[in-house]
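# Remarks on the overall topology
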Amino acid sequence: MSDKEFDGQVAVVTGAAGGIGFAIAKLFAERGATASIWDVDSAAADAAAKKLKDMGLKAHSQGLDVTDEEQIFAARDATLADCGQIDILVNNAGLYPEGTIQNMTREAWDRVFAVNVTGPFFLMRALMEHMKARKFGRMVNIVTVDAYMAKQTKPHYAASKAALLSVMKTYAIELAPHGILVNGVSPGAVATERAKLSDWLEPHTKKTPVGYSAEPEQMAEYVLFLASKRNMFMAGECIIASGGFYVASA
Amino acid sequence: MAESEEFKGQVAAVTGGAVGIGFAICKLLAQRGAQVCILDLDEGKAAEAAKKLGEWGLEGRAYKVDVTKEATLQAARDAILKDFGHVEVLVNNAGIYPQATLREITVEGWDQMFDVNAKGVLLTTRTFMDPMIEKKYGRIVTIGTIDAYVAKPTTPHYAASKAAVLSLIKTFAAELAPHQVLCNGVSPGAVATERAKASDWLPKRLPLIPLGRAAEPEDMAEYVVFLASNRNRFMTGETVIASGGFMMI
């Protein structure tokens, strides 16, 4: 590790205009990478990239809807044209809506799976050939502790993330022989701006043994470690960073 | 933060630190700025390892311990606190790995395995947690193995002792989280230590690893050092599996 561990590398982070995604993009840029900010809100992606550039960091922005494979191809091609290469993909974009078994609609179910599972599946497929050709790549998927537990208030969200765990492992086996390591990070309570406005953060934090929720920057550290060349032997694994919440409740 | 300063001002104790993965961990911690305490049963090899670090301009000091004897651990801890005044990182790396099938295992062999691999982790952690609790900061990393999760006809006692270690890691984590002492584990797959290279299991394993190679001890040290660092501020009670994809298949 040096100050600029990712010097010369290009890291694509989806859903990176705000929250954990932006914290990940910023940490990549601070450690030397060009952070390519992909977001469904292209104006917000541009603004986020500008914020990094104003700090003297390298950033790029791209609007896309991850549920549309044509838009994924277009984003990939535009990023390769602008940045020359893609070394890292972080599948961070995801939906986190409320819902119960009783009130679940088919549309709500399908929408969550489209963004949280189908999106990452086609994003990884769209970028893998480029990484294979370069015999190097790191892909990190943002999962959640909810993937391992019952989740009465968000059954579709929890199930979609459990499906993402499976998808992640399949890509890990497929791509390991090519020097591409695919892994995941499952966060517990993270104090994003949106979470701070919610009613779940406080009770969740109370149940977290370390006694605090994570800052988005703290979660970014796990993603960057798995995306770095420090990680040379881990594939198909998802690390759980929950402040002990998962251990205490499992 | 420069690479050589990540652990600046910190003291790290590594059991079984004289050779193999343990020594690789000591070296990496020292390269990143820690003052390293090499705790080993073999005093001569520990001193040799410390000398080697010194020749590279790194800081290492040797302490003799038997992880099955709590008094020797307490003596080493007290000596470390006298020498440095504090200790922030503990790596439970000491362990034994003898082969024996269900039929061959003796009661003595079984007991020795659990004494070193499981009880040793309990005693070492218990000994070193107090100075960390006092400082409200600590990182404890314990070495597991992928054998803890799968059937292991050639080393059932080893696998069982490491499964016990995985449980201990979670208990430590729950107990120490309120004190900002984070406890995690690393479960390595095939690592090409000198001893493994001389074995007959390593060549048989290689074709089964999706990544197509065994890890170097230095590869494994990276996971330990990350979990031992202040970059890790929210992970506790977890064990990271680094097996080159072997665990998936």
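Located above this text is the structure these notes cover.
Now for a look at the structure at hand. (Residues numbered from 1 in each chain as written. Chains lettered and ligands numbered in written order. Predicted model: local features only at pLDDT ≥ 70, side-chain atom pairs only at ≥ 80, totals over all residues.)

In this structure, Arg103 of chain B sits in the loop between strand S4 (89-92) and helix H4 (107-135). The sequence separation of Arg103 of chain B and Gly244 of chain B amounts to 141 residues, and the corresponding C-alpha distance is 31 Å. (Helix = DSSP H or I, 4+ residues; strand = E, 2+ residues; numbered from the N terminus.)

Turning our attention to helix H1 (residues 20-31) of chain B. All names here are of chain B. Taking 1.5 Å of rise per residue, the 12 residues of H1 would be expected to cover 16 Å, and the 17 Å separating its terminal C-alpha atoms lies within 8% of that figure. With 10 of its 12 residues buried, H1 lies for the most part within the structure. Of all the positions in H1, only Ile21, Gly22, Phe23, Ala24, Ile25, Cys26, Lys27, Leu28, Leu29 and Ala30 are classed as buried. Residues of H1 that are buried in the fold lie against strand S1 (11-15), strand S2 (35-40), helix H2 (43-55), strand S3 (60-64), S4 and helix H8 (217-228). (Expected span 1.5 Å × (residues − 1). Buried ≥ 20, exposed ≤ 12 C-beta atoms within 10 Å, placed from the backbone. Contact = placed C-beta atoms within 7 Å.)

Time to look at the nonpolar core. In this structure, Ala12 and Ile38 of chain B are the most contacted members of the largest nonpolar core, which totals 161 residues. Other than its neighbours up to four places away in sequence, Ala12 of chain B contacts Phe7, Leu29, Ala34, Val36, Cys37, Glu88, Val89, Val91 and Ala228 of chain B. (Core = buried A, V, L, I, M, F, W, Y, C linked by C-beta atoms within 7 Å.)

Moving on to the sheet that holds strand S6 (residues 181-188) of chain B. Residues and elements named next belong to chain B. On the basis of which strands lie adjacent, the open sheet formed by 7 strands has the order S3-S2-S1-S4-S5-S6-S7 and parallel pairing. The strands lining the two open edges of the sheet, one partner per strand, are S3 and strand S7 (239-242). Here the average twist between neighbouring strands, direction ignored, is 20°. Pairing between strand S5 (residues 138-143) and S6: 6 bridges, direction parallel. (Pairing = 2+ DSSP bridges. Axes fitted to C-alpha atoms, helices over the stretch in contact; angles between N-to-C directions.)

Turning next to the pairing of S4 of chain B. All names here are of chain B. Residues Val89 and Val91 of S4 are buried on one face, and the alternating residues Leu90 and Asn92, pointing to the opposite face, are buried as well. Judged from the 3 bridges that link them, S1 and S4 form a sheet pairing that is parallel. By the bridge assignment for S4, Ala13 is matched with Leu90. Here S4 runs beside S5; their pairing, made up of 4 bridges, is parallel. What sits directly across from Leu90, in S5, is Ile140.

Residue and element names in this part refer to chain A. What the 7 strands build is an open sheet, ordered S3-S2-S1-S4-S5-S6-S7; its pairing is parallel. With one partner strand each, in any of the chains shown, strand S3 (59-63) and strand S7 (238-241) form the two edges of the open sheet. Going across the sheet, the axis of each strand differs from the next one's by a mean of 20°, ignoring polarity. As paired strands, strand S4 (residues 88-91) and strand S5 (residues 137-142) are joined by 4 bridges and run parallel to one another. Of the residues in S5, the one forming a bridge with Leu89 is Met139. Against the sheet, helix H1 (residues 19-30) makes contact with strand S1 (10-14), strand S2 (34-39), S3, S4 and S5, and its axis sits at roughly 175° relative to S1, the strand it touches most. Helix H8 (residues 216-227) rests against S1, S4, S5, strand S6 (180-187) and S7 of the sheet, and its axis sits at about 165° to S6.

What follows covers the packing of helix H3 (residues 70-84) of chain B against H4 of chain B. Residues and elements named next belong to chain B. Contact geometry of H3 with H4 gives a least axis separation of 9 Å together with a crossing angle of 30°. Taken together, H3 and H4 sit at an angle that is classed as roughly parallel. When the axes of H3 and H4 are compared, the crossing they make is right-handed. Residues Glu70, Leu73, Gln74, Arg77 and Leu81 of H3 form the contact with H4, whose own contacting residues are Leu123, Thr124, Thr127, Phe128 and Pro131. Broken down by class, the residue content of the contact of H3 with H4 amounts to 5 nonpolar, 3 polar and 2 charged. (Parallel < 35°, antiparallel > 145°, perpendicular 65-115°, else oblique. Left-handed = near helix turned anticlockwise from the far one by under 90°. Nonpolar A, V, L, I, M, F, W, Y, C, P; charged D, E, K, R; others polar.)

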